[in-house]
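# Understanding the architecture of this molecule
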Amino acid sequence: MGTKPAALLAALAAAVLIALGGASLTSAAKPTPTPSPQPPTAPPTPAGLRAGLRASDYGIRPWPSPAWWGSSIGSMAARFPGATGAMVAVVVEIDGLTGPGCWAHFPNPDGETYPGVRFDAADKFEPDFARFDEAGIKVWLQVEPAGCDMAMLIDLVMKQYGRHPSVIGFGVDDEWYLNRQYRGGKPITDAEAQAWVALTRSCNTAYRVFLKHWLTAQMPPTYRDGIVFIDDSQGFQSMTAMLAEFATWGSHFGPAPVGFQFGYKTDQKSWARLADPPKTVGNGILARVANTSDLYWVDFTARSIWP
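These numbers were taken from a predicted model, which means no experiment stands behind them. (Residues numbered from 1 in each chain as written. Predicted model: local features only at pLDDT ≥ 70, side-chain atom pairs only at ≥ 80, totals over all residues. Heavy atoms only, no water.)

## Overview of the overall build of the chain
Operational definition: Helical segments are the DSSP runs of H or I of at least four residues, strand segments are the runs of E of at least two, and each set is numbered from the N terminus. Burial status follows relative accessibility: with a 1.4 Å probe on protein chains alone, a residue under 20% of its type maximum counts as buried, one over 50% as exposed, and anything between as partly exposed. Throughout, a contact is declared for two residues whenever any of their heavy atoms are within 4.5 Å. Under the convention used here, a 1.4 Å probe and the Shrake-Rupley method define accessible areas, while residue burial counts only the protein chains that appear.
A count of helices and strands for the chain gives 10 helices and 10 strands. Classification of the 307 residues of the chain by burial places 48% in the buried group. Long-range pairs, those at least 24 residues apart, make up 70% of the contacts in the chain with a sequence separation of at least 6. As displayed, the chain has an accessible area near 14,400 Å², and 59% of this comes from carbon and sulfur atoms.

Next comes the structure, spelled out in structure tokens:
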């Protein structure tokens, strides 16, 4: 057959355009672009949220300067708009892994006898707390009590640090409470929790008490007044598993306030791949646990985030 005349070719092209709804042949051949995924919206910051770092003599060495603590805690808090910077300060730790006594990282405040307590010659935390007073950073005074009397420890740490406006209360790591008699620590009764809250509030009516463990059964069954319940679980198979367990903790104690410690080396395989581990994990918690009051990155890996 011969070559089609130009008029016929033009007519065929017009018919194709009509069939394609007026679109050009060039544009009809292009696929529709897929919209770029939007980053997830950060959950709202709960009113009064505290966010910061845990600090212990055995968790970070050499001991950072007050400036480092202040800037790093501020950086952690800034990841959650409106949050207040805070520190969980382990001012009294168990004296060895089994006790029976405990080790205060400050000198004896008054020369009195404190059975089972070993004192340092110099105060490890005083320069940091003095800086926090000026910066508005808050401090929990935590103890690992071992076999030491709890009322004595409350009195002791408040004598040493109660003058600091940065102090907001007293904390107990239950894993180390009478740990020689109870593996994983003695479960805390309602009566014990109530007594510790009363003693702490006798020093300052605004003070609260936190109780820390990873098992809900270790916590007081029903007493809730004046207590924050902190979960320090670690060694999860995945980030999903971590957040699911933290959500269960929050639900169990709700509407009482709860807190979380995270960033452990045993979970590094999960969080190290994140662009901003403290922010991502923290927002994951806030999206699932509405009664969150405290978020803390642990000192064991703090320098990997804040060199």
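## Thoughts on the nonpolar core
The following threshold applies: By convention a nonpolar core is built from buried Ala, Val, Leu, Ile, Met, Phe, Trp, Tyr and Cys residues, the set being connected through side-chain atoms within 4.5 Å.
Of all hydrophobic cores here, the largest spans 73 residues; its most connected members are Val91, Phe129 and Leu211. Take this core: its biggest share by element is 8 residues, from helix H5 (residues 150–161). Once you skip the residues sitting within four places of it in the chain, Val91 turns out to touch Trp103, Ala104, His105, Phe106, Phe125, Phe129, Leu141, Gln142, Val157 and Tyr161. Judged by nonpolar contacts, the second largest core, of 8 residues, contains Val88, Trp140, Val228 and Tyr296.

## Looking at the side chain of Ser293
Test applied: Whenever two N or O atoms come within 3.5 Å, that pair is a polar contact, provided that in protein one can donate a hydrogen and the other can accept it, and provided that, for residues adjacent in sequence, both atoms are side-chain atoms.
Looking at the element boundaries, Ser293 is found in strand S10 (residues 292–297). The class for Ser293 is buried, based on a relative accessible area of 10%. Engagement of the side chain of Ser293 in a polar contact is seen with the side chain of Asp294, the distance being 2.6 Å. Leaving out residues up to four positions away in the same chain, Ser293 has contacts with Gly48, Leu49, Arg50, Val228, Pro257 and Val258.

## Notes on the pattern of salt bridges
Inclusion rule: Salt bridge criterion: a side-chain nitrogen from Lys or Arg within 4 Å of a carboxyl oxygen from Asp or Glu.
Overall, the coordinates contain 11 salt bridges when judged by the stated rule. In this structure, Lys159 engages Asp155 in a salt bridge whose closest nitrogen and oxygen atoms are separated by 3.3 Å. With Lys159 and Asp155 both in helix H5, this residue pair falls 4 residues apart, about one helical turn. You can call Lys159 partly exposed: its relative accessible area is 42%. Where Glu192 meets Lys186, a salt bridge forms, and the shortest distance between an N and an O atom there is 3.1 Å. With respect to burial, Glu192 and Lys186 carry one shared label: buried. Each of Asp57, Arg61 and Lys124 takes part in a single network of salt bridges with overlapping partners.

## A word on unusual backbone geometry
Going from Arg61 to Pro62, the amide bond is cis rather than trans, its omega being -5 degrees. Mapped onto the elements of the fold, Pro62 is located in the loop between strand S1 (50–55) and helix H3 (66–78). In this structure, the amide linkage connecting Gly254 to the following residue, Pro255, adopts the cis form with an omega of 10 degrees. Its location among the elements puts Pro255 in the loop between helix H7 (239–253) and strand S9 (258–262). Notably, Ala146 is not glycine yet its phi reads approximately 50 degrees, a positive angle.

## Let's talk about helix H9 (residues 277–288)
Put simply, the rule is: Expected span of a helix, by definition, is 1.5 Å for each gap between consecutive residues, and there is one gap fewer than residues.
Compared with an ideal rise of 1.5 Å per residue, which puts 12 residues at 16 Å, H9 spans 17 Å between its outermost C-alpha atoms and is within 8% of the ideal. Buried residues of H9: Pro277, Pro278, Val281, Gly282, Asn283, Gly284, Ile285 and Leu286, and no others.

## Side note on the packing of aromatic side chains
For the record, the criterion: Pairing of aromatic side chains requires ring centres within 6.5 Å, counting the rings of Phe and Tyr and the six-membered ring of Trp. Pairs whose planes differ by under 30 degrees are stacked, by over 60 edge-to-face, and all others tilted.
For the coordinates displayed, the defined rule picks out 19 aromatic pairs. Judged by centre distance (4.2 Å) and plane angle (5 degrees), the rings of Phe229 and Phe253 are stacked. Pair noted here: Phe229 is in strand S8 (residues 227–231) and Phe253 is in helix H7, with a separation of 24 residues, a long-range link. Neither Phe229 nor Phe253 differs from the other in exposure class; each is buried. Ring centres of Phe262 and Trp297 lie 5.8 Å apart, and the angle between their planes is 85 degrees; on these two criteria the pair is classed as edge-to-face. With a gap of 35 residues between them, Phe262 in strand S9 and Trp297 in strand S10 connect regions that are remote in the sequence. Looking at Trp297, the relative accessible area reads 0%, which means it is buried. Following the ring pairs from residue to residue traces out a cluster consisting of Trp63, Trp68, Trp69, Phe106, Tyr114, Phe119, Phe125, Phe129, Phe132 and Tyr161.

## Some remarks on the packing of H7 against H9
The test is simple: Lines fitted to the C-alpha atoms define the axes, with helices restricted to the stretch that makes contact. Angles between their N-to-C directions range from 0 to 180 degrees. For classification purposes, an angle smaller than 35 degrees is called roughly parallel, one larger than 145 roughly antiparallel, one from 65 to 115 roughly perpendicular, and anything else oblique. By definition, turning the near helix anticlockwise from the far helix through less than a right angle yields a left-handed crossing, and turning it clockwise yields a right-handed one. Residues are sorted three ways: Asp, Glu, Lys and Arg are charged, Ala, Val, Leu, Ile, Met, Phe, Trp, Tyr, Cys and Pro are nonpolar, and all the rest, Gly among them, are polar.
Close contact between H7 and H9 brings their axes to 9 Å; oriented N to C, the two are set at 40 degrees. Judged on the interaxial angle alone, H9 and H7 are oblique. H9 is crossed by H7, and the crossing has right-handed handedness. Within the contact between the two elements, H7 uses Met239, Met242, Leu243, Phe246 and Ala247 and H9 uses Val281, Gly284, Ile285 and Arg288. Across the contact of H7 with H9, the residue classes break down as 7 nonpolar, 1 polar and 1 charged.

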